[in-house]
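Each chain, letter by letter, is given below.
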Amino acid sequence: MRPLRRPRLLAPFLLTPLIAGCFASGGGDSGDGGGKGGDGDRLRVALAFPPAENLSPYGADATLLSRLGVTEGLTALDANGSAAPALAESWRRDGEKTWEFTLRDATFQDGSEVTPAAVADSLGRATRAKPAPAALAGVSLSAKAGSGERVVRVTTAEPDPVLPLRLSSPSLAILSAKAYEEKGGKADPVGTATGPFRLTKVNGATSASLDRFDDYWGGRAQASGIDARFVADGTARANALRTGELDIAEAVPVAQAASLDEGTRRDTATTRTTSLLFNASSGTFKDAGLRAAARGAVDTSVFAKDVYEGYGDPGAGIYGPAVTWAEGKRSAPVGRAGAGRPGGDDVIDLATYDNRPELPEAAQVVKQQLEKAGFTVKLTVREYSRLEADALDGKFDAFVLARNTLLDTGDPVAVLASDYTCDGGFNIAQLCDKDVDRAVADAEKIADTAKRQDAAMAAEARILGSDAVVPLVHQRIITGVADSVQGVILDPYERTLVGTGTRR
């Protein structure tokens, strides 16, 4: 078994006020007011995934922090998927391996100043985190204060043409020195980040309280704070919104969409693709011919229409229609094996998780289709945090996964390296194919944006040709927003949800 670095599956990030307008907002203008005494009411928000790692900024919980407006990094993503200013107001490349970032005037939530030394220390802590953040998979970098009083120099061991994109990752958020006072390499984001909302209390995996950070560099948030609840049950989130207990409910199940008034539901095309992954290194699907047979047995046309009830687009590839440049560059899969014949003796262990309610239904449809083709299938469904380790260890023959392809870094090549190469940190498919590795490695070397996209699509054709992954549907996320709420950020990258203009 190849050692796998533990990933960051569910990772979104706070887009700065400079670019939040690039994404659709949940209604209304962004004027002043919106609360009692002009101070702004608190927002009541329900998130779908409870903290799995005590709100560590280095793991899956990083996106919880970014979606709640707690953390931000040197850069962010704009609507086109390009790097945009956040804590760094500008940057330039200095040679092949070094970039210089000029910081804006900003303050940490504990009152200390965001300085080049503080930023360099925070990035250095991330590089030493165990396990390493997904955005740093295969990358070695160091940071130090530059010659100017607002300059940070970041140097990589090998040339990294997409470093500004990489530093937009939620797992590379910048925290103050106070965050690292606890021993053991842990980072505490409570009151030590830079976003418009400051964590004040965390109640395990149940809830969290946040207050407005009045000295936020991007301006004072209109809401006075956030009362966040972590509610894994999608029906419960929808019901709480409907009965007025919530202002915002993320990831409303499609089965509950019709129960919400039309004005309270927003659907957003995202860069998330739901796929069927086959274990290509052990068990039944180590045989490429049986992977081909299983791929041929899966009718992907039914998922967007039936399982997702129209809140999705039929699976076209690893990248979906929200990745606007992909369709015109897509080519046919390369190197597919001929279909074998299922023997029926081996039991296929198919798994998925129920944090996203559509996934168990999608897996049930997959199960029926594979059984019709002659496979014997056992279905396992658990909460994600109880499933991740087994999935990464290759204990399942097949896995239905909802994966945001541009979440970790914004770079289309990064998800291919993480998910489908021999040393990938999130290789649930257990794929180790020299042609795939070569295609991904070639793409990683390219700096020009258009050429890098072309190379990513060539690598996608190789990966699809391995039949280790079958894209089922490109997901649209439904967000429940109360009539009284304005300024919710509907982000296709799923990195942010509330910002300075979100209010009721």
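Residues numbered from 1 in each chain as written. Predicted model: local features only at pLDDT ≥ 70, side-chain atom pairs only at ≥ 80, totals over all residues. Heavy atoms only, no water.

A. Representation of the sheet that holds strand S6 (residues 98–103) within the structure. Strand order in the open sheet formed by four strands is S5-S6-S8-S7, and the pairing between neighbours is antiparallel. Because the sheet does not close on itself, it has two edges, and the strands there are strand S5 (88–93) and strand S7 (141–145). Strand-to-strand twist in this sheet, taken as the mean axis angle between neighbours without regard to direction, amounts to 20 degrees. Its contacts with the sheet place helix H3 (residues 116–128) against S6, S7 and strand S8 (151–156), and it is angled at close to 165 degrees to S7. (Pairing = 2+ DSSP bridges. Helix = DSSP H or I, 4+ residues; strand = E, 2+ residues; numbered from the N terminus. Axes fitted to C-alpha atoms, helices over the stretch in contact; angles between N-to-C directions. Contact = heavy atoms within 4.5 Å.)

B. Up close: empty space enclosed by the protein. In this structure, the largest cavity occupies an estimated 90 Å³ of space. Lining of the largest cavity is provided by Thr273, Ser275, Leu277, Ile318, Leu401, Arg403, Thr405, Val415, Asp419, Tyr420 and Val469. Among the secondary structure elements, those contributing two or more residues to the lining of the largest cavity are strand S13 (265–278), strand S17 (398–404) and helix H11 (412–420). Along the lines of polarity and charge, the residues of the lining of the largest cavity split into six nonpolar, three polar and two charged. (1 Å grid on protein atoms, 1.4 Å probe; cavity = no way out; pocket = protein on both sides within 12 Å on 5 of 7 lines; lining within 4 Å. Points joined across faces, edges and corners; volume = space filled by probe spheres on them. Nonpolar A, V, L, I, M, F, W, Y, C, P; charged D, E, K, R; others polar.)

C. View of the side chain of glutamine 222. Looking at the secondary structure, you find glutamine 222 in the loop between strand S10 (207–212) and strand S11 (225–230). For glutamine 222, the side chain forms a polar contact with the side chain of arginine 503, separated by 3.0 Å. (Polar contact = N/O pair within 3.5 Å; in protein donor to acceptor, adjacent residues only side chain to side chain.)

D. Just helix H12 (residues 434–444), in detail. The set of residues buried in H12 consists of Val436, Ala439, Val440 and Ala443. Down the axis of H12, the buried set is contained in an arc of 95 degrees. They therefore lie on one face. Structurally, H12 contributes buried residues whose contacts are with H11 and helix H13 (449–465). Backbone nitrogen of aspartate 435 and a side-chain oxygen of the N-cap are separated by 2.8 Å at the start of H12; the cap is aspartate 433. (Buried < 20%, exposed > 50% of the residue type's maximum accessible area, 1.4 Å probe, protein only. Arc of directions from axis to C-beta.)

E. Broad picture of unusual backbone geometry. The omega torsion of the bond from lysine 130 to proline 131 falls at -5 degrees, within 30 degrees of zero and hence cis. The residue proline 131 is located in the loop between H3 and S7 in this model. Unusually for a residue other than glycine, glutamine 430 sits at a positive phi of about 55 degrees. You can see glutamine 430 is positioned in the loop between H11 and H12. Positive phi outside glycine occurs at glutamate 494, with the angle close to 60 degrees. Summarising the element assignment, glutamate 494 is placed in the segment after strand S19 (489–490). Given the relative accessible area of 7%, glutamate 494 is considered buried.

F. Main features of the confidence of the model for the chain. This prediction gives the chain a mean pLDDT of 89; 92% of its residues lie at or above 70. The model gives residues 1–21 a pLDDT under 50, and that stretch makes 109 contacts with residues more than four places away or in other chains. (pLDDT = per-residue confidence, 0-100.)

G. Looking closely at the environment of alanine 258. Inspection of the secondary structure puts alanine 258 in the loop between helix H6 (254–257) and S13. By relative accessible area, which is 68% here, alanine 258 ends up exposed. Along the primary structure alanine 258 and threonine 156 are separated by 102 residues, whereas in three dimensions their C-alpha atoms are 50 Å apart.

H. Layout of the packing of aromatic side chains. Inspection of every chain in the model, using the stated rule, returns eight aromatic pairs. Plain terms: the ring middles of tryptophan 91 and phenylalanine 101 are 6.1 Å apart, the flat faces sit at 40 degrees to each other, and that makes the pair tilted. Residue tryptophan 91 is located in strand S5, and its partner phenylalanine 101 is located in strand S6; the two are separated by ten residues in the primary sequence. The exposure class of tryptophan 91 is partly exposed, given its relative accessible area of 25%. Note on phenylalanine 278 and phenylalanine 285: the rings are 4.5 Å apart at their centroids and 45 degrees apart in plane angle, and the pair reads as tilted. Neither phenylalanine 278 nor phenylalanine 285 differs from the other in exposure class; each is buried. Each residue in the set Tyr353, Tyr384, Phe396 and Phe399 is aromatic and connected to the rest through ring pairs, giving one cluster. (Phe/Tyr/Trp six-rings, centres within 6.5 Å; stacked < 30°, edge-to-face > 60°.)

I. How the structure looks around the pattern of salt bridges. A full pass over the atoms with the stated rule returns 30 salt bridges. Note that arginine 67 and glutamate 250 form a salt bridge whose closest N and O atoms lie 2.7 Å from each other. With arginine 67 in helix H2 (residues 62–67) and glutamate 250 in the loop between strand S12 (248–249) and H6, this pair connects stretches of sequence that are 183 residues apart. Residue class for arginine 67 comes out buried when judged on its relative accessible area of 9%. Judged by its relative accessible area of 8%, glutamate 250 is buried. For glutamate 113, the salt bridge identified is with arginine 150, shortest N-O distance 3.2 Å. In this pair, glutamate 113 sits in the loop between S6 and H3 while arginine 150 sits in the loop between S7 and S8, placing the two residues 37 residues apart along the sequence. Note on glutamate 113: relative accessible area 45%, which makes it partly exposed. Overlapping salt bridges bring together Asp41, Arg44, Asp247 and Arg504 as one network. (Salt bridge = Lys/Arg side-chain N within 4 Å of Asp/Glu carboxyl O.)

J. Structural detail: the packing of H11 against H12. Relative to each other, H11 and H12 sit at 150 degrees, their axes nearing to 10 Å. As the angle between them shows, H11 and H12 are arranged roughly antiparallel. Pair H11 / H12 crosses with left-handed handedness. Only Val436, Asp437, Val440, Ala443 and Glu444 of H12 make contact with H11, whose side of the interface consists of Val413, Leu416, Ala417 and Tyr420. Of the residues that constitute the contact of H11 with H12, the class distribution is seven nonpolar, no polar and two charged. (Parallel < 35°, antiparallel > 145°, perpendicular 65-115°, else oblique. Left-handed = near helix turned anticlockwise from the far one by under 90°.)

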